[in-house]
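Chains, contacts and geometry: an overview
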Amino acid sequence: MSKLSDSYIYYINSENPSFNAKRELMEEKLTNLGLPYERVAVPVQDGIATVNIVSGAHRRAAQLAIDSNKFPLLILEDDVELLHDFPFDLEINKEAKLIYLGLSLYDAGQGRLELTSHDDEYYRVKNSLAAHAILIPTRESAEYYIDLCDRSIDITNWHDKELAYDSQKELFLTPKRGPVFFQTDGHTRPVTNFDTKDFVIE
């Protein structure tokens, strides 16, 4: 059984020079975390093209993991911060299509965030509009993630909205210990740094 300590990290960061500080800070955080990582460079974003550029970066990270057989894969965006100590000892549920290590309260158009007990370690997740910290357990789940990114690119839709839609039918999980990462930007911090207990459905 794999644990989070076995994860390989691809982090997403723009080539725009204004994002260099984020890159430096992110690499300092990841070095301190002690897990292997690589950067996935994102072309400079502009207007509506940003939607497909971000989805494309997530797709590329999943494809790189398949090409190099680096699983479990943790995809991080460059504005994340640890909310709690990293749970190195958490066993990865490989039945999940993906595992959210960060959640969001943004309305994805599918309804309010819902968490229901799946087992002793995980909640099942529905309606989370988030992709800032996504764990891809297996090659099969990476192939699913690539297909989802392709779908979102085809219709120029944020792929985290596609995830929220798919959460109605696919098994998406998150640790019961709570979100591991939140986003630090001013508009995302309030909706990604919260107590999950208010969203648990018994």
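Definitions and limits used
- Residues numbered from 1 in each chain as written.
- Predicted model: local features only at pLDDT ≥ 70, side-chain atom pairs only at ≥ 80, totals over all residues.
- Heavy atoms only, no water.
- Phe/Tyr/Trp six-rings, centres within 6.5 Å; stacked < 30°, edge-to-face > 60°.
- Lys NZ or Arg CZ within 6 Å of the ring centre and 35° of its normal.
- Axes fitted to C-alpha atoms, helices over the stretch in contact; angles between N-to-C directions.
- Helix = DSSP H or I, 4+ residues; strand = E, 2+ residues; numbered from the N terminus.
- Left-handed = near helix turned anticlockwise from the far one by under 90°.
- Contact = heavy atoms within 4.5 Å.
- Nonpolar A, V, L, I, M, F, W, Y, C, P; charged D, E, K, R; others polar.
- Parallel < 35°, antiparallel > 145°, perpendicular 65-115°, else oblique.

Going through the model one piece at a time under the given rule, you end up with seven aromatic pairs. Members of the aromatic cluster, connected to one another through ring pairs, are Phe86, Phe88 and Phe181. Lying across the ring of tyrosine 144, lysine 97 places its NZ or CZ 4.8 Å from the centre.

Right, let's talk about the packing of helix 3 (residues 139-154) against helix 4 (residues 159-166) for a bit. Between helix 3 and helix 4, the shortest axis-to-axis distance is 9 Å and the interhelical angle comes to 115 degrees. The chirality of how helix 3 crosses helix 4 is right-handed. On the side of helix 3, the interface is formed by Tyr144, Tyr145, Leu148, Cys149, Arg151 and Ser152, while helix 4 contributes His159, Glu162, Leu163 and Asp166. Residues belonging to the contact of helix 3 with helix 4 are distributed by class as follows: five nonpolar, two polar and three charged.

One way to put it is that helix 2 (residues 49-68) packs onto helix 3 with a least axis distance of 9 Å and a crossing angle of 160 degrees. With respect to helix 3, the element helix 2 is oriented roughly antiparallel. Read as a crossing pair, helix 2 and helix 3 show a hand that is left-handed. Across the interface between the two elements, Asn52, Ser55, Gly56, His58, Arg59, Ala62, Gln63 and Ile66 of helix 2 pack against Arg139, Ala142, Glu143, Tyr145, Ile146, Cys149, Asp150, Ser152 and Ile153 of helix 3.

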